[in-house]
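Here is how the chains run, residue by residue.
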Amino acid sequence: MKIKEILEPRGGFDEKTETVESLGALMRGTLQPEWLEANYPTKNLQTVVETVFARLDGRSGTLGYHLAQSMGGGKTHTLLCLGLLAANPRLLGLYFPGIKIANETPAKVICIDGRERHPNGIWGTIADGLGKKAALNQFYSPLGAPGPQDWRELLAGERVIILADEMPYYLDGALATQL
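A brief report on the enclosed structure follows. Quick caveat, the model's predicted, so the values are computed rather than measured.

**Remarks on the overall build of the protein chain**
Part 1 of the reasoning: Looking only at helices and strands, one finds 8 helices and 2 strands in the protein chain.
Part 2 of the reasoning: In the protein chain, the succession of α and β elements from N to C terminus is α-α-α-α-α-β-α-α-β-α.
Part 3 of the reasoning: Per-residue burial for the protein chain yields a buried fraction of 35% across its 179 residues.
Part 4 of the reasoning: Taking the intrachain contacts of the protein chain between residues at least 6 apart in sequence as the baseline, contacts between residues at least 24 apart amount to 64%.

**Thoughts on the environment of Gly121**
Part 1 of the reasoning: Along the chain, Gly121 falls in helix α6 (residues 121-129).
Part 2 of the reasoning: Here the alpha-carbon distance between Gly121 and Tyr140, two residues 19 residues apart in the chain, equals 7.3 Å.
Part 3 of the reasoning: Residues within four places of Gly121 in sequence aside, it is in contact with Leu143 and Tyr170.

**Points about empty space enclosed by the protein**
Part 1 of the reasoning: This structure, assessed with the given rule, holds 1 cavity of 30 Å³ or more.
Part 2 of the reasoning: For the lining of the largest cavity, the residue count by class is 7 nonpolar, 1 polar and no charged.

**Side note on the pattern of salt bridges**
Part 1 of the reasoning: Applying the stated rule across the entire model yields 6 salt bridges.
Part 2 of the reasoning: Measuring nitrogen to oxygen at the nearest pair gives 3.5 Å for the salt bridge that ties Asp57 to Arg59.
Part 3 of the reasoning: For Asp57, a relative accessible area of 17% corresponds to the buried category.
Part 4 of the reasoning: Residue classification places Arg59 among the exposed positions, given a relative accessible area of 52%.
Part 5 of the reasoning: Residue Glu158 is joined to Lys108 by a salt bridge in which the shortest nitrogen-to-oxygen separation is 3.0 Å. On the criterion of sequence distance, the pair formed by Glu158 in the loop between α7 (148-155) and β2 (160-165) and Lys108 in strand β1 (residues 108-113) is long-range, its members being 50 residues apart.
Part 6 of the reasoning: The partly exposed category is assigned to Glu158, whose relative accessible area is 22%.
Part 7 of the reasoning: By sharing partners, the salt bridges in this structure join Lys108, Lys132 and Glu158 into a single network.

**Notes on the packing of helix α3 (residues 43-56) against helix α4 (residues 75-87)**
How two helices pack is summed up by the angle between their axes together with the distance between the axes.
Part 1 of the reasoning: Relative orientation of the contacting elements α3 and α4 amounts to 40°, with a least axis distance of 10 Å. The angle between α3 and α4 places the two elements in the oblique class. Our pair here, α3 against α4, has a crossing hand that is right-handed. Listed contacts from α4 to Leu45, Val48, Val49, Val52, Phe53 and Leu56 of α3 are Thr78, Cys81, Leu82, Leu85 and Ala86.

**Considerations on the nonpolar core**
Part 1 of the reasoning: In this structure, Leu26, Val49, Phe53, Leu92, Phe96 and Leu163 are the most contacted members of the largest nonpolar core, which totals 29 residues.
Part 2 of the reasoning: For this core, the secondary structure elements donating two or more residues are α2 (23-28), α3, α4, α5 (92-95) and β2.
Part 3 of the reasoning: Excluding its chain neighbours within four sequence positions, the residues that come into contact with Phe96 are Pro41, Leu45, Gln46, Val49 and Leu85.
Part 4 of the reasoning: Formed by 11 residues, the second largest nonpolar core is a distinct cluster that contains Ile112, Ile126, Leu136 and Leu154.

**Focus: α4**
Part 1 of the reasoning: Taking 1.5 Å per residue, 13 residues should reach 18 Å; α4 reaches 18 Å between its end C-alpha atoms and fits that length.
Part 2 of the reasoning: Of all 13 residues making up α4, 10 are buried, and the element is well covered by its neighbours.
Part 3 of the reasoning: Turning to α4, its buried residues are Thr76, Thr78, Leu79, Leu80, Cys81, Leu82, Gly83, Leu84, Leu85 and Ala86.
Part 4 of the reasoning: Each element contacted by the buried residues of α4 is listed here: α2, α3, α5, β1 and β2.

**Quick look at the side chain of Thr78**
Part 1 of the reasoning: As for its position among the elements, Thr78 is in helix α4.
Part 2 of the reasoning: Within polar-contact distance, the side chain of Thr78 engages the backbone oxygen of Gly74 at 2.8 Å.
Part 3 of the reasoning: With residues up to four places along the chain from it excluded, the contact list for Thr78 reads Leu45, Val48 and Leu67.

Here is what the cut-offs are and how they apply
Along each chain, the written sequence defines residue order, and numbers are assigned to residues from 1. The model is predicted, so local features are restricted to residues of pLDDT at least 70 and side-chain atom pairs to those at 80 or more, both for listing and for counting; the totals for chains, interfaces and linings are taken over all residues. Remark: hydrogens and water are excluded; side-chain values derive from all non-hydrogen atoms of the structure. Runs of E in the DSSP output that reach at least two residues are strands. Runs of H or I that reach at least four are helices, and both are numbered from the N terminus. Working definition: with a 1.4 Å probe on protein chains only, accessible area under 20% of the residue-type maximum means buried, over 50% means exposed, and in between means partly exposed. Note on definitions: a residue-residue contact is assigned when non-hydrogen atoms from the two residues lie within 4.5 Å. Only protein atoms enter the 1 Å grid used here. Points where a 1.4 Å probe fits but cannot escape make up a cavity, open sets with protein on both sides within 12 Å along at least five of seven lines make up a pocket, and a residue lines them when an atom lies within 4 Å of a point. Grid points are joined across faces, edges and corners, and a volume is the space filled by probe spheres set on the points. The residue classification treats Ala, Val, Leu, Ile, Met, Phe, Trp, Tyr, Cys and Pro as nonpolar and Asp, Glu, Lys and Arg as charged. All others, Gly included, are polar. The salt bridge criterion pairs a side-chain nitrogen of Lys or Arg with a carboxyl oxygen of Asp or Glu, the two atoms within 4 Å. To get an axis, a line is fitted to the C-alpha atoms, and for a helix only the part in contact is used. The angle between two axes follows their N-to-C directions and goes from 0 to 180 degrees. Should an angle fall under 35 degrees it is taken as roughly parallel, and over 145 as roughly antiparallel, whereas 65 to 115 is taken as roughly perpendicular and any remaining angle as oblique. Crossing handedness is read from the near helix: turned anticlockwise from the far helix by less than a right angle, it gives a left-handed crossing, and turned clockwise, a right-handed one. Definition used in this section: a nonpolar core is a set of buried Ala, Val, Leu, Ile, Met, Phe, Trp, Tyr and Cys residues joined via side-chain atoms within 4.5 Å. To estimate the expected span of a helix, count its residues, drop one, and scale the result by 1.5 Å. Pairing of N or O atoms within 3.5 Å defines a polar contact, subject to two protein rules: one partner must be a possible hydrogen donor and the other a possible acceptor, and residues neighboring in sequence count only if both atoms are side-chain atoms.

Now the structure itself:
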């Protein structure tokens, strides 16, 4: 028996859902929450979403989540789901009904897509996403990285999720740039 004889693809796919999405699409606002409708909430995706929202709710001390799958393993997909859900937490009950949250306030979602330009470094993109670009002015020209205290001050009191993807491209570009 051939695989196409036992499997039937879901209908409803159009040209947009068949494209490969990136954090850049989320960053630019071209990826809409409806994108979640074409997704299947796997157990691993549920675990990641649950962990991230536990942190946003203040129920967990987990500060970060490192996704390390092989190419095509769903890293970007997971980040896109997290970004859409963090910006629209009321959708969580629709797509992950088993996950309960105490705070439905949308989080600020900041995307670092290594394939996109970040002229003020990734810290400039983060500061700008928080509406605090001026807070790190001293690190933009010449480009220099903020220290731990700078980060504490920048992120204090913020309900934010920072998503980073395709970082090797960013780092290659950074290494090729002469200071």
